[in-house]
Structures are given as C-alpha cells and as structure tokens.
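Chain by chain, the residues:
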Amino acid sequence: MTLKIVFSDFDGTLTLENRQLTSTFFDILSHLREHEQELVIVSGRSLSWGHFFLTHFNELNYAIMEGGGVILKRGKGGFIEEYPLVAEGELQHLADTTEELKRIFPNCPLSVDSYGRKTDRAIEFELMQDEEINQVIQFLNSRKISYSKSNVHINFWSGEISKFLGVKKFLEDFRPDVAMEHSVFFGDAPNDQSMFELFEHSVGVSNIKHCLHRLTHKPSIILEGEENAGPFGVLNYVKKFNLSHSN
Ligand SMILES: [Mg+2]
C-alpha cells in the first residue's frame, strides 16, 4: 500500500498547539515531494487562508477550507479557483443569521477572518464566558445553524458541511485516480471528527490527548509522546509509513 495524498488539519496538527509554524512543516513538504505524495490542508480556517497556503507554498495545489465548505485549486497560470460546496440559499441564510447574531449578542466576538469567509463564520470563543457560549449555541440551534468547535474557533454554517464531505467531494471531482485507501488524514481536535468517523486511515497527533475525552469518534491511530505532537507526529508517521511500505 502506498500513500498518494496526505490530508491534514492545520492548527495544532501542522502547527504546534501554540499556533507556531516551525521548520518541521517545511520538512513535511520536502519529504512528501521526494515521495511524490501530495499534501492537502483540510482546515476550519477561512477561504482567505487557503489563498495564502496556495500562494506561498508551491507544493500545495489544493486546499479544503472552512471545515470542508470550499475547495481551492491552483489553476492555470497560478490563478486560484474557488469551488464552494454549499448552495446559494444556505449562504444567504448564514449571512442573515450572522447579522441577527451580531444584533442579539453585540459582544460575541466574531473572528477577524470572518470577513474572508464564504461558507461559514467563526467566533473567538476564548474571549467568552461559558454561559455566553451556551446562549450563542442555543441561538444557532434555534436558527438551524450547525457549528463545531476547533482549538481556535467555534465555526458555524448553514447546510451540510464537514471535513469528510469536503474530502470526499475533492477526491470525486479533482482526484478520481486516487482511492480513499491511498490517503491518510491527520488531525487533533473535535472538528476533525467527521474524518475520524468516516475516513479509513486517520491519525491523531499526540496533542489530541487533551480532548480525547470529548470525542465521540476517535482516529484509528493515536500517536503518543511529546515527540509526536503536531507536525512532529505527522512527519514521524509519514516517514515510518513510507519506509515500511517502500517495497
Ligand atoms: Mg486542529
């Protein structure tokens, strides 16, 4: 079995838990390039972050952003193409509900990158009390808005969006040559659960231990030890996997 695509969450998985991007990220890119394997970031961060990834890291040709709501592709001439995966009506409902949220909860801190988002919005929950978080979540439920908590944000959206649906659509539409079993997913938080549940080969980097008790669906493999935190775990696992499957 060989790996063709490495899907990975970004925050806490390709960066350290304190959001630091280290040289290990570039070691991962080099290692995958040498093995003709592709990295596709699957992140809850905004569309505009996806533009940043594809603009600055030549090894990346695609990114799946906003928790699976939109696929970005490096197109002809380096121009970046966007493929939103939710219907226009859902985007409108999200926009209307966000306005209502801002009116009812004027102190609810929407993330600054909410302006660069298309298929979801995000709340900086670290700045809120538990009671306020609960009230906001009740409001979202009452408007049939879905949400998920990453290690940096509460993301919310209208329609069916998940990292798994984003990855599935990506494989069908952009890489039908790659079977799901020739890929792996790395993650570290509750917003990676759809992948842990439905993707065959999923790996939790060791810092996932902090939230394992909150997960309904756990990754098929859980790395352990400080040496396997975030990007270190991704690099160690991929190297070991490639070595043991090199014949
Ligand atoms: Mg994460």
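The structure this text deals with has already been given above.
Remember, predicted model here, so these are calculated numbers, not experimental data.

*Asks:* Please provide a residue-by-residue account of the packing of helix α1 (residues 23-34) against helix α7 (residues 230-244), values included.
*Replies:* Taken N-terminus to C-terminus, the directions of α1 and α7 make an angle of 20 degrees; their axes are 9 Å apart at the nearest point. If you check the angle between α1 and α7, you find them roughly parallel. Relative to α7, the crossing made by α1 is left-handed. Residues Thr24, Phe25, Asp27, Ile28, His31 and Leu32 of α1 pack against Pro231, Phe232, Val234, Leu235, Val238 and Lys239 of α7. Classifying every residue of the contact of α1 with α7 gives 8 nonpolar, 2 polar and 2 charged.

*Asks:* Got a sec to walk through the environment of Phe79? Specific residues and values, please.
*Replies:* The topology assignment puts Phe79 in the loop between β4 (70-74) and β5 (80-84). Put simply, Phe79 and Gly12 are 67 residues apart on the chain and 29 Å apart in space, counted from C-alpha to C-alpha.

*Asks:* Tell me about the sheet that holds strand β6 (residues 121-123), residues and numbers included.
*Replies:* Taken together, 3 strands build an open sheet; the order of strands is β6-β8-β7 and the sheet is antiparallel. Looking at the sheet topology across the chains shown, the edges are occupied by β6 and β7 (146-149). Taking each pair of neighbouring strands and ignoring which way they run, the sheet shows an average axis angle of 25 degrees. Examined bridge by bridge, β6 and strand β8 (residues 154-157) share 3 bridges and lie antiparallel to one another. Counted as the bridge partner of Arg121 is Phe156 from β8.

*Asks:* Provide a residue-level description of the pairing of strand β1 (residues 5-8), including the pertinent values.
*Replies:* Burial along β1 is two-sided: the residues Ile5 and Phe7 and Val6 and Ser8 are all buried. Of the strand pairs in this sheet, β1 and strand β2 (residues 38-42) are connected by 4 bridges, and their pairing is parallel. Paired with Ser8 across the bridge in β2 is Ile41. In terms of handedness, the path from β1 via α1 over to β2 forms a crossover that is right-handed.

*Asks:* Any details on the nonpolar core? Residues and values, ideally.
*Replies:* Core analysis: the biggest nonpolar cluster contains 53 residues, and Val6, Phe7, Val40, Ile41, Ala63, Ile64 and Val167 have the highest contact counts within it. Summarising the domain contributions, this core has at least three residues from each of domain 1 (5-85 + 161-244) and domain 2 (88-157). When neighbours within four sequence positions are excluded, Val167 is seen to be in contact with Phe7, Val42, Ile64, Met195 and Phe199.

*Asks:* Describe the pairing of β7, with residues and values.
*Replies:* Examined bridge by bridge, β7 and β8 share 4 bridges and lie antiparallel to one another. The partner of Ser148 across the bridge, within β8, is Asn155. Between β7 and the antiparallel strand that follows it, β8, lie 4 residues.

What counts as what
- Residues numbered from 1 in each chain as written.
- Predicted model: local features only at pLDDT ≥ 70, side-chain atom pairs only at ≥ 80, totals over all residues.
- Axes fitted to C-alpha atoms, helices over the stretch in contact; angles between N-to-C directions.
- Helix = DSSP H or I, 4+ residues; strand = E, 2+ residues; numbered from the N terminus.
- Parallel < 35°, antiparallel > 145°, perpendicular 65-115°, else oblique.
- Left-handed = near helix turned anticlockwise from the far one by under 90°.
- Contact = placed C-beta atoms within 7 Å.
- Nonpolar A, V, L, I, M, F, W, Y, C, P; charged D, E, K, R; others polar.
- Pairing = 2+ DSSP bridges.
- Buried ≥ 20, exposed ≤ 12 C-beta atoms within 10 Å, placed from the backbone.
- Right-handed = clockwise from strand over helix to strand, strands pointing away.
- Core = buried A, V, L, I, M, F, W, Y, C linked by C-beta atoms within 7 Å.
- Domains from an automatic or database assignment.

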